[in-house]
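Each chain, letter by letter, is given below.
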Amino acid sequence: MGKKYGLLIGVCLCAATAVAEYRLGPDDRITVDAIGAPEIAGREYRIDPGGEVRLPMIGSIGAEGRTPAEVEQEIRARLDRYIRDPQVSVAVHSFGSRPVSVLGQVATPGVHQ
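A brief look at the structure comes next.

**A word on the sheet that holds strand 5 (residues 87-94)**
Piece 1. The three strands are arranged 2-1-5 in an open sheet whose pairing can be described as antiparallel. Edge positions in the sheet fall to strand 2 (43-46) and strand 5, since each of these pairs with one other strand and no more. Direction aside, neighbouring strands of the sheet carry axes that sit 30° apart on average.
Piece 2. Alignment of strand 1 (residues 29-35) against strand 2, held across four bridges, turns out to be antiparallel. Its bridge partner lying in strand 2, Arg29 is registered against Arg46.
Piece 3. Each of strand 1 and strand 5 touches helix 2 (residues 68-79); the most contacted strand, strand 5, lies at about 140° to it.

**Considerations on the pairing of strand 4 (residues 59-62)**
Piece 1. Where strand 3 (residues 52-55) and strand 4 come together, four bridges link them in antiparallel fashion. Among the inter-strand pairings, Glu52 is bridged to a residue of strand 4, identified as Gly62.
Piece 2. Hairpin connection from strand 3 to strand 4: three residues lie between these consecutive antiparallel strands, with Met57 at a positive phi of about 75°.

**Re the packing of aromatic side chains**
To describe a pair of aromatic rings, one takes the distance between the centres and the angle between the planes.
Piece 1. A complete count under the given rule lists one aromatic pair for this structure.
Piece 2. Between Tyr22 and Phe95 the ring centres are 4.7 Å apart and the planes differ by 85°, which places this aromatic pair in the edge-to-face class. Of this pair, Tyr22 sits in the loop between helix 1 (2-20) and strand 1 while Phe95 sits in the loop between strand 5 and strand 6 (100-102); the two residues are 73 residues apart in sequence, bridging distant segments of the chain.
Piece 3. On the accessibility criterion, Phe95 (38% relative accessible area) is partly exposed.

**Comments concerning the pattern of salt bridges**
Piece 1. Inspection of every chain in the model, using the stated rule, returns seven salt bridges.
Piece 2. Among the ionic pairs, Glu72 bridges to Arg76, the shortest N-O distance being 3.2 Å. Of this pair, Glu72 and Arg76 both sit in helix 2, four residues apart, which is roughly one turn of the helix.
Piece 3. Take Glu72: its relative accessible area is 18%, and that puts it in the buried class.
Piece 4. When its relative accessible area of 28% is taken as the criterion, Arg76 is described as partly exposed.
Piece 5. The partner of Glu74 in a salt bridge is Arg78, with the nearest N and O atoms 2.9 Å apart.

The rules behind each value
Residues numbered from 1 in each chain as written. Predicted model: local features only at pLDDT ≥ 70, side-chain atom pairs only at ≥ 80, totals over all residues. Heavy atoms only, no water. Pairing = 2+ DSSP bridges. Helix = DSSP H or I, 4+ residues; strand = E, 2+ residues; numbered from the N terminus. Axes fitted to C-alpha atoms, helices over the stretch in contact; angles between N-to-C directions. Contact = heavy atoms within 4.5 Å. Phe/Tyr/Trp six-rings, centres within 6.5 Å; stacked < 30°, edge-to-face > 60°. Buried < 20%, exposed > 50% of the residue type's maximum accessible area, 1.4 Å probe, protein only. Salt bridge = Lys/Arg side-chain N within 4 Å of Asp/Glu carboxyl O.

In C-alpha cells, the structure reads:
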C-alpha cells in the first residue's frame, strides 16, 4: 500500500515541477494576482502571437520562452514604481502553445490543445 502512495506523490511532484519549469508561448493564458493592483489582479491574460502579454498600468511584457516565475518577477519590478513591495503571482491558466497529438485506438484521435 505504501508503494502506491509513494508513486502517486512522485507523479504529483513531477507534474508540479514540470509546470514550474514550463516555458510560456503564444496562445497560453495566464492568471495574474497582484495585491494592491486591482487593475491587474484576478484576471486572465492571453499571450499574443508575438509572445507578448499586455497588462494595464505596466504595458507589454515579453512572455514567450519565459517561465511563469520569470514573468512574475518582471511584473513585480514594473509594479514597484506604483506599489511598495508588490506581491505578485502568475499561474498558467491554460496551455495553448503546445498542442498534443493523440494517435492509436482512442475515442478522439488527432491534434488537441
